[in-house]
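# Inside the fold
Spelled out from the first residue to the last, the chains are:
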Amino acid sequence: MSDAPIRKVLILGGGTAGWMTAAALAKVLNAERTEVVLVESEQIGTIGVGEATIPPILTFNAMLGIDERAFMRATKATFKLGIEFRGWTRPGDRYIHPFGTFGLDIEAIKFHQVWLKFRDHAGPIEDFNLAAVAARQGRFALPDPDPAKVLSSLKYAFHFDASLYARFLRTYAEARGVTRIEDKVGDVTLRREDGFIQSVTLEDGRVIEADLFIDCTGFRALLIGGALGGAYHDWSHWLPNDRAVAIPCDTGGDGLTPYTRATADTAGWRWRIPLQHRTGNGYVYSSAHIGDDDALAALVAGLDGPPRAEPNFLRFQAGRRDQAWIKNCVAIGLSSGFLEPLESTSIHLIQAGITKLLALFPDCGFDPVEIAEYNRLTAQQIDQVRDFIILHYKATERADTPYWDQVRTMAIPDSLRRKIELFAGRGRLFPSDFDLFGESSWVAVLLGQGIVPRKHDALVDALPEVALVQRLTRLSAVIAEAARAMPTHEAFIARYCAASDLARAPA
Ligand SMILES: Cc1cc2nc3c(=O)[nH]c(=O)nc-3n(C[C@H](O)[C@H](O)[C@H](O)COP(=O)(O)OP(=O)(O)OC[C@H]3O[C@@H](n4cnc5c(N)ncnc54)[C@H](O)[C@@H]3O)c2cc1C
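Residues numbered from 1 in each chain as written. Predicted model: local features only at pLDDT ≥ 70, side-chain atom pairs only at ≥ 80, totals over all residues. Heavy atoms only, no water.

## A closer look at the nonpolar core
Counting 144 residues, the largest nonpolar core has I332 and Y393 as its most contacted members. Top contributing element to this core by residue count: helix α10 (residues 368-394), with nine residues. Excluding its chain neighbours within four sequence positions, the residues that come into contact with I332 are A17, T21, I214, D215, C216, I350, G353, I354, L357 and Y374. (Core = buried A, V, L, I, M, F, W, Y, C linked by side-chain atoms within 4.5 Å. Buried < 20%, exposed > 50% of the residue type's maximum accessible area, 1.4 Å probe, protein only. Helix = DSSP H or I, 4+ residues; strand = E, 2+ residues; numbered from the N terminus. Contact = heavy atoms within 4.5 Å.)

Rendered as structure tokens:
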């Protein structure tokens, strides 16, 4: 087994995954010691969607040392405090899955258990999360660094133009020594002795060798699927949506909401993501239940303003690679698997792949134990996200279309079934290690989707009732007050990070 260092990394693909990986490697590796090359093909292009993120992206940007205002101006970004779900339990209902936590735990007793006991008088649980209250009022402010202030509890992420983010990271990576090659890869050559990837051949005839290959070729999965034949677990029996149509429009309607909106429709759901210069929209649907023309018509009917581009139709299959790392090839991004963007998790899973790759960065010996660990952690992370997404479909009262009837009555993974049953009893939750979605996220979606526990934790009954009720009243008042003191999201953006070249219709 060789312990020679990795001298050359080839990233194949220049979408969000490719440039996030390139930027991170450029930051961490010594360019004198390890060369990083990225090959992308404008002829093939990128998927061109993916606009909503979750809070850990702040850690990624901070790791790169990116200035938040510069990044937001460059990507025409807005702030995101959570996701509003409309019509998921039954037509007409709505709830927010906010970032951050609900209330404050009392020692071993979880806040939601206290809320459960007094829920008839305490008001909606959303009143106990600052992000949810601010989102409802269309307000935003940065978290306060003082942990004594309620504003310190605010968590946020971004909506941004993903192609501008990739461009931003490209500038970052190239400035730190990453070489970009514009061409299409035709052939992949494997080493005869061990089946490792030796080189790729470009259409212009150039042969590029490397020690480590990162497959960021999107759904094509040219290396991990094509050359190495990696197996794919198909999850379409749980997540039947296999198409999407995306279309941006002028800003209108509710304007720059500091949240993503996910509206359930007859055979899937529609997203609405406001950016500074336009609003991104899409309909994610099951082709077995609705045709492309009808999906497009439903999407267009719900737009806030005139469309800004031709519709972009996309096809996919929910699932993941059996192994995201095979021999000297690591798949990051869509090549490693796909879950629909209901909880905005794909860009995060790219980040998680990069973080694990850096933590287990190999030498030319490619230790099988470390590769197995990468694959185990990757599978665990994506399987947990899968369960969280399936929850939105399974926990519904909707039976108004064949689609909703199918997902409401389908069999679900045992891991999710156990979680739902445990919560439905006494509101118990035990998020596992590496679960991207913590307790508050599960509470938000389980309650939001109509699963209200039959009883609360008996430990709550040991606490004095009057003091608890006073505590709840004070907490929701403090949160309401903090939200009211924030500027509107629109005003905050205008002051903090307005892009210089906005061509936005007035809200
Ligand atoms: C409908 C939809 C909505 C989404 N919304 C969100 C969202 O809101 N939030 C979120 O986090 N994620 C979202 N995603 C996922 C997100 O779009 C992707 O995770 C992200 O864009 C990363 O894509 P990628 O870089 O893996 O692939 P791509 O963008 O497809 O890039 C592939 C790259 O590989 C190159 N390539 C391919 N073959 C070759 C070849 N032979 N030679 C050379 N180059 C090649 C292409 O040119 C391109 O540069 C969404 C996805 C879909 C389908």
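## Topic: the pattern of salt bridges
Applying the stated criterion across every chain, the model contains 34 salt bridges. Between E40 and R180 there is a salt bridge, with its nearest N and O atoms 2.6 Å apart. Highlighted residues: E40 in strand β2 (residues 35-40) and R180 in strand β7 (residues 179-182), separated in sequence by 140 residues. By relative accessible area, E40 is classed as buried at 12%. It is possible to trace a salt-bridge network through shared partners that takes in E84, R86, R94, E126, R136, D254 and R261. (Salt bridge = Lys/Arg side-chain N within 4 Å of Asp/Glu carboxyl O.)

## With respect to the sheet that holds strand β9 (residues 197-202)
Ordered by their spatial adjacency, three strands build an open sheet running β8-β9-β10, and the pairing between neighbours is antiparallel. Strands with a single pairing partner mark the edges of an open sheet, and in this sheet they are β8 (185-190) and β10 (207-209). Direction aside, the axes of adjacent strands within the sheet are offset by 25° on average. In the sheet, β9 pairs with β10 via three bridges, with the strands oriented antiparallel. Paired with V200 across the bridge in β10 is I208. (Pairing = 2+ DSSP bridges. Axes fitted to C-alpha atoms, helices over the stretch in contact; angles between N-to-C directions.)

## Focus on the pairing of strand β11 (residues 212-215)
Here β11 shows a buried face lined by L212 and I214 and a second buried face lined by F213 and D215. Both strand β1 (residues 8-12) and β11 contribute to a ladder of four bridges, which runs parallel. Paired with I11 across the two strands is I214, which belongs to β11. Bridge count between β11 and strand β20 (residues 329-331): three bridges; the pairing is parallel. Its bridge partner being in β20, F213 is matched across the sheet by C329.

## Quick word on the packing of aromatic side chains
Within the structure shown, the criterion is met by 30 aromatic pairs. Judged by centre distance (5.6 Å) and plane angle (70°), the rings of F71 and Y165 are edge-to-face. A residue pair is termed long-range when its members are at least 10 positions apart, and F71 in helix α3 (residues 68-75) and Y165 in helix α6 (residues 162-175) qualify at 94 residues. Both residues of the pair, F71 and Y165, belong to the buried class. For the ring pair F316 and F338, a centre distance of 4.6 Å and an interplane angle of 45° mean the geometry is tilted. A residue pair is termed long-range when its members are at least 10 positions apart, and F316 in the loop between β17 (312-315) and β18 (319-321) and F338 in strand β21 (residues 337-338) qualify at 22 residues. An aromatic cluster of at least three residues, connected via ring pairs, comprises F71, F79, F140, Y156, F158, F160, Y165, F168, F492 and Y496. One Lys or Arg, R386, reaches over the ring of W235 and ends 4.9 Å from the middle of that ring. (Phe/Tyr/Trp six-rings, centres within 6.5 Å; stacked < 30°, edge-to-face > 60°. Lys NZ or Arg CZ within 6 Å of the ring centre and 35° of its normal.)

## With respect to the sheet that holds strand β4 (residues 82-86)
Strands sit in the order β5-β4-β14-β15-β16-β13-β17 across an open sheet of seven strands; the sheet is mixed. Each edge of the open sheet carries a strand with a single partner, namely β5 (94-98) and β17. The sheet shows a mean angle of 20° between the axes of neighbouring strands, taken without regard to direction. Here β4 runs beside strand β14 (residues 260-265); their pairing, made up of four bridges, is parallel. When the bridges of β14 are listed, I83 appears paired with T260.

From the geometry alone we can't say anything about function, so treat these as descriptive.
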